[in-house]
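# Reading the structure
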Amino acid sequence: MYNKSQAALEFLATYAWAFIVITITISSLYYFGVFDFSRYLPQRCIFPAQFKCLDFSLKPDEVRVKLVNNLGEDIKVTSLQITNDATPPISCTPPLGFDWTHSTEKDIAFTPCSGGAYIVGERAELRITIGYYAVNTPSKPVHIINGKVNGRVTSG
Amino acid sequence: MAESHPANRKSQSSLEYLLVVALTFAIIVPITYLFYNYSKESSQEINDAQVTKLGRSIVDAAESIFYSGQGSKTTIELIIPDNVQSVVIIDNREIVFNTTTSFGVSEFVFFSSVNLTTNGSCNANVCNVPGLANSGLKKVKIEAISRNSVDI
């Protein structure tokens, strides 16, 4: 009886250690981001085809996107917003409204940026909202488009 | 060479089985995650392309019918994607597709050089195009009803 209980206790002690070692190993791997599979996704900038995204850059205090006006109409951009899912979300100062001729490119810079887990070397997923109206439409209704930038914040 | 105990052989095969299953999971789970995310973004781009194509089709057909003269008409077949919530005509010159995406609501706007009208309900200068509101295959009649406007 005594021998059996000793064997059972040794069995439990051995497996408890094994369990602790495995837990610590997995926690360490998780801490160092080994299980963050999103880092292996390509860096992308997705906007509707009418505002095709040509390029983007994510700097420590600046988000910059280059878009082209493919609407076939001259427009006036009235509002620009940027946000993400962090709590609190990223806070950037958007550029002021501007006129945008059709078939031309615009370099839109949000700066300075802070908060929102926007850290150098880390992956950031940002949503950009643009409000605009067509200058030739009499009632000038404001339209909204959304885009997404998914990339790594680089210091260079 | 000593023959191994039957219990040892069983435990070895169990361990090997567990290792193979663990390795399989370690490969399958990240790959599934990556492909799922990649395909989600690709489906977004496909929906965008579909809406752009059908918007251009409507405007091109309307302009073509307008310049063919009063009484001209045609029917075009369009496949409306699931993410289109409503379609409106504003100021008789903008046809607007309100769509939902994984990152918010977007409006796809197409501009016509001819006056567009519709028989849907209107609120001030905004008229609903009820025939295009639901997803699926739709037959859209486009007719030059007068000398200065095309009805959708």
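Please refer to the structure higher up on the page.
Residues numbered from 1 in each chain as written. Chains lettered and ligands numbered in written order. Predicted model: local features only at pLDDT ≥ 70, side-chain atom pairs only at ≥ 80, totals over all residues.

Along the backbone of chain B there are one helix and nine strands. When its helices and strands are written in sequence order, chain B yields α-β-β-β-β-β-β-β-β-β. Over its C-alpha atoms chain B spans a radius of gyration of 28 Å, topping by over 25% the 15 Å that the globule rule assigns to 152 residues. Seen through its principal axes, chain B has C-alpha atoms that stretch 100 × 30 × 20 Å. For chain B, with 152 residues in total, the buried portion stands at 23%. In chain B, the share of contacts with a sequence separation of at least 24, taken over all contacts with a separation of at least 6, comes to 64%. (Helix = DSSP H or I, 4+ residues; strand = E, 2+ residues; numbered from the N terminus. Rg over C-alpha atoms; globule rule 2.2 N^0.38 Å. Buried ≥ 20, exposed ≤ 12 C-beta atoms within 10 Å, placed from the backbone. Contact = placed C-beta atoms within 7 Å.)

Let us look at the interface of chain A and chain B. Reports of interface size often rely on the accessible area that becomes lost once the parts have come together. Taken together, the 24 residues of chain A in the interface contact 26 residues of chain B. Mapped by element, the contributors of at least two residues to the side of chain A that touches chain B are strand 1 (44–46), strand 9 (123–134) and strand 10 (143–152) of chain A. The greatest single-element share of the side of chain A that touches chain B, amounting to five residues, is contributed by strand 10 of chain A. Here the residues of the side of chain A that touches chain B are counted per class, giving 12 nonpolar, eight polar and four charged. (Nonpolar A, V, L, I, M, F, W, Y, C, P; charged D, E, K, R; others polar.)

All right, on to the nonpolar core then. Within the largest apolar cluster, 54 residues are counted, with the highest numbers of intra-cluster contacts made by Val63(A), Ala62(B) and Val150(B). With seven residues, helix 1 (residues 6–68) of chain B is the largest single contributor of residues to this core. Not counting residues within four places of it along the chain, the set of residues in contact with Val63(A) comprises Leu58(A), Ile82(A), Cys92(A), Phe110(A), Cys113(A), Leu126(A) and Val149(A). (Core = buried A, V, L, I, M, F, W, Y, C linked by C-beta atoms within 7 Å.)

Residues and elements named next belong to chain A. In space, the five strands of this open sheet follow the order 1-10-9-4-6, with antiparallel pairing throughout. Two strands close off the open sheet at either side, each with one partner strand: strand 1 and strand 6 (98–100). Direction aside, neighbouring strands of the sheet carry axes that sit 30 degrees apart on average. Relative to strand 6, strand 4 (residues 75–83) runs antiparallel, the two being bridged by three bridges. In the sheet register, isoleucine 75 faces strand 6, and the bridge partner there is tryptophan 100. (Pairing = 2+ DSSP bridges. Axes fitted to C-alpha atoms, helices over the stretch in contact; angles between N-to-C directions.)

Here we take up the sheet that holds strand 9 (residues 150–151) of chain B. Residue and element names in this part refer to chain B. Pairing in this open sheet of four strands is mixed, and the strands run 1-8-9-5 from one edge to the other. The open sheet has two edge strands, strand 1 (73–80) and strand 5 (116–117), and neither has a second partner. In terms of strand pairing, strand 1 meets strand 8 (residues 136–144) through eight bridges, oriented antiparallel. Its bridge partner being in strand 8, leucine 78 is matched across the sheet by lysine 138.

Quick look at the environment of Ile128(A) now. Residue and element names in this part refer to chain A. You can see isoleucine 128 is positioned in strand 9. For isoleucine 128, a count of 27 C-beta atoms within 10 Å puts it in the buried group. C-alpha separation for the pair isoleucine 128 and phenylalanine 47, spaced 81 residues apart in sequence, amounts to 9.0 Å. Excluding residues within four positions of it along the chain, isoleucine 128 makes contact with Val65, Ile82, Gly147 and Val149.

Bear in mind that shape data such as this cannot, by itself, settle questions of function.
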